[in-house]
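# Topology and contacts: notes
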Amino acid sequence: MSKAKNGADHANSEGEYIPPNAPDMSILEENSHSIERPVFPLSVFPDKIKEWIETEAAIKCAPVDYVAACMLGAGAALVGTTRQVQGWEGFNQYALLWLVIIGNPSSNKSPSMSGIESQLKRLERGYSKAHKAALLKLEKKIIEAKKAKKEWEIAVESGEAVSDTPPLIPAKPPRKCTILDSFTQEALQPVQIANPKGVICFKDEISGFIGSMGRYSGSGQAEKAYYLSGYDGKRASDHKVKYGDEPLIIPKTGLSLIGGVQPEKLHLINGGDDDGFAARFLMVAPAIRKVDQIPDPSLKPDSEFLYQVFLRLSKFEHDPCSTYDNPIAITLPLDKEAKTLFGDWYIGHKAKSDQLDGAKASYWGKMQGQALRLALILECLDGACNSVTNNSFEPVRVSYASMKAALELIEYYFKPTVKNVLGGLGDAPNIRATRDLAKKIIEDRPEKINSTEIRRKWKIEGLRTAAPIMEATQGLIDLNWIYWTEQPRNGGNGRRKNEWTVNPLVYSSFNSASTRSSGATSANTGFSDRSTTSQQVSSGLKGSKDPSQQNPLDPTCPVVDQPQSNENTPVDPLDPLDRQEPDENGIIWEDV
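Everything in this summary refers to the structure shown in the same document.

The rules behind these values
Residues numbered from 1 in each chain as written. Predicted model: local features only at pLDDT ≥ 70, side-chain atom pairs only at ≥ 80, totals over all residues. Heavy atoms only, no water. Helix = DSSP H or I, 4+ residues; strand = E, 2+ residues; numbered from the N terminus. Buried < 20%, exposed > 50% of the residue type's maximum accessible area, 1.4 Å probe, protein only. Areas by Shrake-Rupley, 256 points an atom, 1.4 Å probe, with all protein chains shown as cover. Salt bridge = Lys/Arg side-chain N within 4 Å of Asp/Glu carboxyl O. Polar contact = N/O pair within 3.5 Å; in protein donor to acceptor, adjacent residues only side chain to side chain. Contact = heavy atoms within 4.5 Å. Expected span 1.5 Å × (residues − 1). Bend = angle between axes of the 7 residues up to and from the residue. Pairing = 2+ DSSP bridges. Axes fitted to C-alpha atoms, helices over the stretch in contact; angles between N-to-C directions. Right-handed = clockwise from strand over helix to strand, strands pointing away. Parallel < 35°, antiparallel > 145°, perpendicular 65-115°, else oblique. Left-handed = near helix turned anticlockwise from the far one by under 90°. Nonpolar A, V, L, I, M, F, W, Y, C, P; charged D, E, K, R; others polar. Core = buried A, V, L, I, M, F, W, Y, C linked by side-chain atoms within 4.5 Å. Arc of directions from axis to C-beta.

### Section: the overall build of the chain
In terms of helices and strands, the chain carries 17 helices and 15 strands. Expressed as a percentage of the 592 residues in the chain, the buried residues total 48%. Put simply, the chain shows about 29000 Å² of open surface, and 51% of that area lies on carbon and sulfur atoms.

### Overview of the pattern of salt bridges
Counted under the stated rule, the structure contains 11 salt bridges. In this structure, Glu56 engages Lys60 in a salt bridge whose closest nitrogen and oxygen atoms are separated by 2.6 Å. In this pair, Glu56 and Lys60 are both assigned in helix 1 (residues 47–60), 4 residues apart and thus about one turn of the helix distant. Judged by relative accessible area, Lys60 falls into the partly exposed class, the value being 21%. One salt bridge in this structure joins Arg122 and Glu304, with 3.1 Å as the shortest N-O distance. Of the two residues, Arg122 sits in helix 3 (residues 109–158) while Glu304 sits in helix 8 (residues 303–314), which places them 182 residues apart along the sequence.

### Describing the side chain of Arg373
Looking at the secondary structure, you find Arg373 in helix 10 (residues 358–385). Side chain to side chain, Arg373 and Asp232 meet in a polar contact 3.2 Å long. Ignoring any residue separated from it by four or fewer positions in sequence, one finds Arg373 in contact with Gln93, Tyr94, Leu96, Leu97, Tyr231 and Asp232.

### Notes on helix 10
Over its 28 residues, helix 10 runs 41 Å from end to end, which matches the ideal 40 Å to within 8%, given 1.5 Å per residue. For helix 10, the principal kink sits at Gln368 and spans about 40°. Across the 28 residues of helix 10, 22 count as buried, placing the element largely inside the fold.

### Focus: the sheet that holds strand 14 (residues 499–502)
Picture the strands of a sheet paired through backbone hydrogen bonds; they go either parallel or antiparallel. Within the open sheet, the 3 strands sit side by side as 11-14-12. Their pairing is antiparallel. Two strands in the sheet have a free side with no partner beyond their single neighbour: strand 11 (448–450) and strand 12 (482–484). Mean inter-strand twist for the sheet, computed between neighbouring axes without regard to direction, equals 35°. Summarising the sheet, strand 12 and strand 14 pair through 3 bridges and their orientation is antiparallel. Residue Tyr483 lies in a different strand from strand 14, and its bridge partner there is Thr501. Docked against the sheet, helix 13 (residues 451–458) engages strand 11 and strand 14, running at close to 75° with respect to strand 11. Together, strand 12 and strand 14 form the strand contacts of helix 14 (residues 466–478), whose direction differs from that of strand 12 by roughly 110°.

### Quick notes on the pairing of strand 5 (residues 199–203)
Among the 5 residues in strand 5, 5 count as buried, and that is most of the element. By the alternation rule, side chains of strand 5 split into Val199, Cys201 and Lys203 and Ile200 and Phe202, which are all buried. As defined by bridge partners, strand 4 (residues 179–180) adjoins strand 5 across 2 bridges and the pair is classed as parallel. Bridging from a neighbouring strand, Ile179 pairs with Ile200 of strand 5. For the segment spanning strand 4, helix 4 (residues 185–194) and strand 5, crossover handedness is right-handed. As paired elements, strand 5 and strand 8 (residues 255–261) share 5 bridges and run parallel to each other. The residue bridging Lys203 from the neighbouring strand is Gly259, located in strand 8.

### Focus: the packing of helix 4 against helix 6 (residues 221–232)
Across the interface, helix 4 lies against helix 6 with an axial gap of 11 Å and an inter-helix angle of 25°. Judged on the interaxial angle alone, helix 6 and helix 4 are roughly parallel. Here the hand of the crossing between helix 4 and helix 6 comes out left-handed. Contacts between helix 4 and helix 6 involve Gln185, Leu188, Gln189 and Gln192 on the former and, on the latter, Ala222, Glu223, Tyr226 and Tyr227. Looking at the contact of helix 4 with helix 6 residue by residue, the classes come out as 4 nonpolar, 3 polar and 1 charged.

### So, the nonpolar core
If you look at the biggest cluster of nonpolar residues, it comprises 112 residues, and the most contacted ones within it are Phe45, Ile53, Met71, Ile116, Leu120, Phe310 and Met403. The greatest single-element share of this core, amounting to 14 residues, is contributed by helix 10. Those residues within four positions of Met71 in sequence are excluded, and the remaining contacts are Phe45, Ile49, Trp52, Ile53, Ile116, Leu306, Phe310 and Leu381. One finds Ile477, Trp481, Val502 and Val506 within the second-largest nonpolar core, a separate group that totals 26 residues.

### A closer look at the environment of Lys415
With respect to the helices and strands, the residue Lys415 is situated in helix 11 (residues 400–423). Of the residues examined, Lys415 reaches a relative accessible area of 3% and is grouped as buried. Along the backbone, Lys415 and Pro38 are 377 residues apart, and their C-alpha atoms lie at a distance of 9.3 Å. If near-sequence neighbours (up to four positions away) are discounted, Lys415 is found in contact with His349, Trp364, Met367 and Ile410.

### Digging into the environment of Glu54
Along the chain, Glu54 falls in helix 1. Classification of Glu54 as partly exposed rests on a relative accessible area of 37%. C-alpha separation for the pair Glu54 and Pro301, spaced 247 residues apart in sequence, amounts to 8.7 Å. In contact with Glu54, other than residues within four places in its own chain, are Leu42 and Val64.

### Brief notes about helix 13
Here helix 13 has its buried residues at Ser451, Ile454 and Trp458. For helix 13, the arc enclosing every buried residue in end-on projection is 105°, short of the 170-degree limit, so these residues lie on one face. Facing away from the buried surface of helix 13 by more than 90 degrees, the exposed residues are Arg456 and Lys457. For helix 13, the N-terminal cap is Asn450; the gap from its side-chain oxygen to the backbone nitrogen of Thr452 is 3.1 Å.

### With respect to the packing of helix 9 (residues 336–353) against helix 11
It is the contact of helix 9 with helix 11, at a shortest axis distance of 8 Å, that shows an interaxial angle of 25°. As the angle between them shows, helix 9 and helix 11 are arranged roughly parallel. Helix 11 is crossed by helix 9, and the crossing has left-handed handedness. For the pair helix 9 and helix 11, the contacting residues are Glu337, Ala338, Leu341, Phe342, Trp345 and His349 in the first and Tyr400, Met403, Lys404, Leu407, Ile410, Glu411 and Lys415 in the second. Here the residues of the contact of helix 9 with helix 11 sort into 8 nonpolar, 1 polar and 4 charged.

Next comes the structure, spelled out in structure tokens:
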């Protein structure tokens, strides 16, 4: 017989079925059974940017994680391939990032992007105005050049030409661009040629972008390969008949990405062959922000300051020795302390990576490069913020502080998030289906439920086949919501029906205000305490004398990767999904 998590059997010593203990009503709360999410360490940003992120998140009723991720993406877009950080000889990284923000529908992913997007589009309007002015200046020269060319052609026909080459018509200046809303590979390539620094694309639903690959070219592998080159800002060429004998050359394919995705669509990123595509994304998956009042009308982020920071970064150009077809990045070395810190961290990180396999190994393998990219972006953001009156700001190296902040992001945020994502986020489809089943029980108030009714009548999303129905009902058994209905034994030869009796305490608990309050409190216990965690992070980085709190980034303290407590879930012999043979009473558990 099935047993609840509290250990109470659903039958007494005489075999009579009795209701289980009080039900856990927290399943009705959104994210009530989510795994603990890491807290984004906003201290990695300069104080003014940190303040802007917090204010923007409060206004948009969104987690600060989403806004902070967009800030990193904006820094990547504005620095791009103009700068590269050198970990050691031969190991250089551009300031290019791919980020994905994960959340259920209506978790305010898109509003979180809008504040950063608006400042980047303000830059775009400036680029457009300058481009139109340049075209006006060039228009007269183009008219004169076309007239001269026409006269030359007439002279050639009459044999009076004094030159074998026609007058050159000035080319239109390329239009500067930073942000794109959507594109195809063919539409992106001319933009990248005109903007070797690179561009960033904001996608409300990045799963749509990934799913659209191959809509013109079949499998989509060619498109994916091209975008992978964009992550590294490589030189590329495109050979097509329409280009004739000369292929289309893209000197730098710099591409940064940031987009939202729902947990149930993560398979579109993580699924398929392990080609390293998914591992290039830094995952952002915060706990849902609890909103108990509307935003304070007096809150207003200092967007003018942020625009000035972006404006300074937008003026970054490639090395003066660059040519049109060979843009050269300016290399920023790590200072002495930063190089030591990164080297010591890398040794511990690599040792751990070599023990992994599968998707986790792929993600870990990209993190040393991502750490350098983050350090470069944070260095540039910090310098731009601290040079309010100096428009000629120019970083010359990546400091220890920026390197330390980048490693803090990797160790304390992005690594735990990847573990959560690969292990299955708490509000994955099975949890949501269990919650929907619980809500349907509250709505209809049945005394009993059965698998056929769930599948055919209730038509709950995700509960249309046997396996998920059994998983959801087992979840409610564990929460003391339902228990198996007493079945006729028939001498031990009967087939057990998939029917459950609803714990009557469910309805009385739902009607009790005090129990609902208790359930809400229980729902919050799955989240980490932001203030406590922030103190732990802060004390760890400052270097506590308590060995248990020592900073894992400290060279004197080895990197310790704590195992996840839920990685190896034991098989429950009482779970009907795990039964392959008749039980001790000869009962075969019926499938739907």
